[in-house]
Amino acid sequence: MRMIFMGPPGAGKGTQATVVAGRFGIPAISTGDIFRANVSEGTPLGLEAKRYMDAGEYVPDSVTNEMVRNRIAEPDAEPGFLLDGYPRTLAQVEELDGMLAAADRSLDVVVVLTVDADELVQRLLKRAETSGRSDDTEDVIRHRQDVYTEQTAPLIDVYRDRGLLLEVDGLGEVDEVSARILSALDDRGSAAS
Ligand code: ADP
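Sequence order as written defines residue numbering, which begins from 1 separately in each chain. pLDDT decides what is reported in this predicted model: residues at 70 or higher carry local features, side-chain atom pairs at 80 or more are listed and counted, and totals for whole chains, interfaces and linings draw on all residues regardless. Where side-chain values are given, they derive from all heavy atoms of the structure, hydrogens and water being excluded.

> Go over the layout of surface pockets with me, naming the residues and quoting the values.
Grid spacing is 1 Å over the protein atoms alone, the probe is 1.4 Å, and a cavity is where that probe fits but cannot get out, while a pocket is an open set with protein on both sides within 12 Å along at least five of seven lines and lining residues have an atom within 4 Å of a point. Grid points are joined across faces, edges and corners, and a volume is the space filled by probe spheres set on the points. For the largest pocket, the calculated volume is near 890 Å³. Broken down by element, the lining of the largest pocket gets its largest block of residues, six residues, from helix H1 (residues 13-24). Polarity classes work like this: nonpolar for Ala, Val, Leu, Ile, Met, Phe, Trp, Tyr, Cys and Pro, charged for Asp, Glu, Lys and Arg, and polar for all others, with Gly in that last group. Taken together, the residues that form the lining of the largest pocket break down as 14 nonpolar, 16 polar and 11 charged. Taken together, Arg2, Arg69, Ile72, Ala73, Ala77, Glu78, Phe81, Met99, Leu100, Ala103 and Arg105 make up the lining of the second largest pocket. A run of DSSP states H or I qualifies as a helix once it reaches four residues; a run of E qualifies as a strand once it reaches two. Both are numbered from the N-terminal end.

In structure tokens:
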């Protein structure tokens, strides 16, 4: 199973990605988490990424693509993986297509979590009280949402055209949303077979 998780900042992507990947026994690969780990370890990659993350901008594709290329080549990703937060630009979509084609692999599904915009800001501000993330301030949150709308939302059409899209309502309790995603994946699986 090779899947992508998409959704605006605050949609609860990371939380759900972990649950769903666990269910399928595949690694959840979060580009945001990998960047943050590099920032806290003070690696050169972390130093480079931090400038962009703190401003709510995307890290340059060249940096992000290489990181993902290396990560999905690890042995634990051989049976499959769930990408959380990648691809986020059309250039990243093409890059991922190339990586998969080179390994004679393909994507199974792209899950998009949909959540109302006002609800998103509220959630993120709440998370900011405890996350300690330097990009969880109101200005940066709003900017991250604009960047998502401009650069990432167009990917939804690309994957819809490929027949890979699975849109799931992200509103509700964590367990409720997990159950919704798993059942949508299940329906899709039985429809395909
Ligand atoms: P959120 O979903 O709340 O935006 P993430 O943890 O997924 O948070 O990402 C945090 C930051 O990491 C992004 O704002 C961006 O700077 C950087 N980042 C993560 N994934 C990518 C990516 N695929 N391309 C470019 N930058 C990325």
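> Go over the site of the ligand with me, naming the residues and quoting the values.
Around the ligand, 18 residues are found, and the nearest of them are Thr31, Glu57, Gly85, Arg88 and Arg144. Polar contact criterion, stated in full: a pair of N or O atoms within 3.5 Å, where within protein one must be able to donate a hydrogen and the other to accept it, and residues adjacent in sequence count only if both atoms are side-chain atoms. At 3.0 Å, a backbone N or O of valine 59 approaches a nitrogen atom of the ligand. Within the complex, the protein chains bury 96% of what would otherwise be the 550 Å² of accessible surface of the ligand. Assignment to a cavity or pocket requires that more than half of a molecule's atoms be within 2 Å of the site's grid points. Among the detected pockets, the ligand sits in the largest pocket. In terms of residue count, helix H2 (residues 31-41) provides more of the shell around the ligand than any other element does, four residues in total. One heavy atom within 4 Å of a molecule or strand makes the whole residue count as near it. The method behind every accessible area is Shrake-Rupley, applied with a 1.4 Å probe, and residues are considered shielded solely by the protein chains displayed.

> Could you give me a rundown of the pairing of strand E4 (residues 109-114), with the residues and numbers involved?
The rule is simple: take the accessible area with a 1.4 Å probe, protein chains only, and divide by the maximum for that residue type; under 20% is buried, over 50% is exposed, in between is partly exposed. The buried fraction of E4 amounts to five of the six residues, a majority that puts the element mostly inside the structure. In terms of strand pairing, strand E1 (residues 2-6) meets E4 through four bridges, oriented parallel. Following the sheet pairing, methionine 3 is matched in E4 by valine 109. What makes two strands pair is DSSP finding at least two bridges between them. In the sheet, E4 pairs with strand E5 (residues 165-169) via five bridges, with the strands oriented parallel. Note that in E5 the partner of valine 111 across the bridge is leucine 166.

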